[in-house]
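# Descriptive structure summary
Here are the chains, one letter per residue:
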Amino acid sequence: MIRLGRNLVTAIIGGFMVACTLLIFFVTVNDKTKMDWLGLAFILFAEFIFIGGVVLVDKLARSTFGIMFRSIAYTTLGSYFITSSAIAIIFLTILRDHMRLLIVLQFIVLAITLIIFLVGLSSSNYMQGRNQSVLQSVSKIQTLTNQVTVLKSNVNNKKYATQLEKIYEALRYCDNSSIVTTDDVVSEKLLELEKALIGDYDEKDSNVNDLAESILLLVKKRSLEVNELKAGEI
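These lines cover the structure that appears in this document, whether it is placed above or below. (Residues numbered from 1 in each chain as written. Predicted model: local features only at pLDDT ≥ 70, side-chain atom pairs only at ≥ 80, totals over all residues. Heavy atoms only, no water.)

## Some words on the overall build of the protein chain
When you go through the protein chain residue by residue, the secondary structure sums to 7 helices and 0 strands. Along its sequence from the N terminus, the protein chain presents helices and strands in the succession α-α-α-α-α-α-α. Computed over C-alpha atoms, the radius of gyration of the protein chain comes to 31 Å, more than 25% over the 17 Å expected from 2.2 N^0.38 for 234 residues, which places it beyond the range of a compact globule. With the principal axes as the frame, the protein chain shows a C-alpha extent of 105 × 40 × 20 Å. Once local pairs closer than 6 in sequence are excluded, the contacts in the protein chain between residues at least 24 apart make up 73%. Element-wise, carbon and sulfur atoms account for 66% of the exposed surface of the protein chain, whose accessible area totals about 14,300 Å². Of the side-chain charges in the protein chain, 23 are positive and 22 negative, and the distance between the mean point of each set is 8 Å. (Helix = DSSP H or I, 4+ residues; strand = E, 2+ residues; numbered from the N terminus. Rg over C-alpha atoms; globule rule 2.2 N^0.38 Å. Contact = heavy atoms within 4.5 Å. Areas by Shrake-Rupley, 256 points an atom, 1.4 Å probe, with all protein chains shown as cover. Lys, Arg positive; Asp, Glu negative; His and termini not counted. Charge placed at Lys NZ, Arg CZ, Asp CG, Glu CD.)

## What about the environment of Tyr 173?
Structurally, Tyr 173 can be placed in the loop between helix 5 (161-172) and helix 6 (182-196). As for Tyr 173 and Ile 141, which are separated by 32 residues in sequence, their C-alpha atoms are 9.9 Å apart.

## A few points about the packing of helix 4 (residues 99-153) against helix 5
Contact geometry for helix 4 and helix 5: axes closest at 9 Å, N-to-C directions at 160 degrees. When the interaxial angle is binned, helix 4 and helix 5 end up roughly antiparallel. Note on packing geometry: the crossing formed by helix 4 with helix 5 is left-handed. In contact with Ile 141, Leu 144, Thr 145, Val 148, Thr 149, Leu 151 and Lys 152 of helix 4, helix 5 contributes Leu 164, Glu 165, Ile 167, Tyr 168, Leu 171 and Arg 172. Grouping the constituent residues of the contact of helix 4 with helix 5 by class yields 8 nonpolar, 2 polar and 3 charged. (Axes fitted to C-alpha atoms, helices over the stretch in contact; angles between N-to-C directions. Parallel < 35°, antiparallel > 145°, perpendicular 65-115°, else oblique. Left-handed = near helix turned anticlockwise from the far one by under 90°. Nonpolar A, V, L, I, M, F, W, Y, C, P; charged D, E, K, R; others polar.)

## A short note on the packing of aromatic side chains
One pass over the structure, following the stated rule, counts 4 aromatic pairs. For the ring pair Phe 26 and Trp 37, a centre distance of 6.1 Å and an interplane angle of 65 degrees mean the geometry is edge-to-face. Placement of Phe 26 in helix 1 (residues 2-28) and of Trp 37 in helix 2 (residues 34-60) is noted, with a sequence separation of 11 residues between them. Looking at Phe 26, the relative accessible area reads 45%, which means it is partly exposed. (Phe/Tyr/Trp six-rings, centres within 6.5 Å; stacked < 30°, edge-to-face > 60°. Buried < 20%, exposed > 50% of the residue type's maximum accessible area, 1.4 Å probe, protein only.)

## Description of the nonpolar core
By size, the foremost hydrophobic cluster in this structure holds 22 residues, and its most contacted members are Ile 167, Leu 171, Val 186, Leu 190, Leu 193, Leu 197 and Ile 215. If you list the elements that add at least two residues to this core, you get helix 4, helix 5, helix 6 and helix 7 (204-233). When residues of this core are assigned to their parent elements, the largest contribution, 7 residues, is made by helix 7. For Leu 197, the contacting residues outside a window of four places in its chain are Leu 151, Asn 157, Tyr 160, Leu 164, Lys 204 and Val 208. Ranked by size, the runner-up nonpolar core spans 14 residues in total, among them Phe 42, Phe 81, Ala 88 and Val 109. (Core = buried A, V, L, I, M, F, W, Y, C linked by side-chain atoms within 4.5 Å.)

This is the structure in structure tokens:
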């Protein structure tokens, strides 16, 4: 509902801009030539691109890194509108005998605008995917940390508090900016540790210690994998 209202306001503003442009044109230009109509067409086209682009950006921003995309897109669209209109006005008032040059310049400005817009969209899509990946990674590590917290809070595991604290600290301060294959292995080992802590049997101490050491080594391994992943992205 909010988006619909915002788009409606944008459309009303666009309609007002077009109406003002047409009013100024028909009031100020008496003997209309091909150059006059061409200049008007480019100005109206720039307004259409600007208003339509604003609506399109609002729609595309839902599936991209919105803040970044809106910043790039609005700046690009605004610059195109101002530049295209300025060029048209200059040719309508000063360089009236250079129609072909006007057309060439308008297409150059449009092409540059389109390229910047698409690059901004592509970059925003990448950042959105990267952001989602980071959020998933943070959530996964937080889940593992919570598992260890539960094990630490169990009074029956007081004997193994040192081992559990080491695992907790290792997970808490590890780099959680990326998901790596070792994360699943750590999760499996934590489940094994949870089962090993249940009950009372002869090899319990040895089993718990071995699993704790294994988990700590896996956390170190995932740190190396994250560093390699980041180095590959660079």
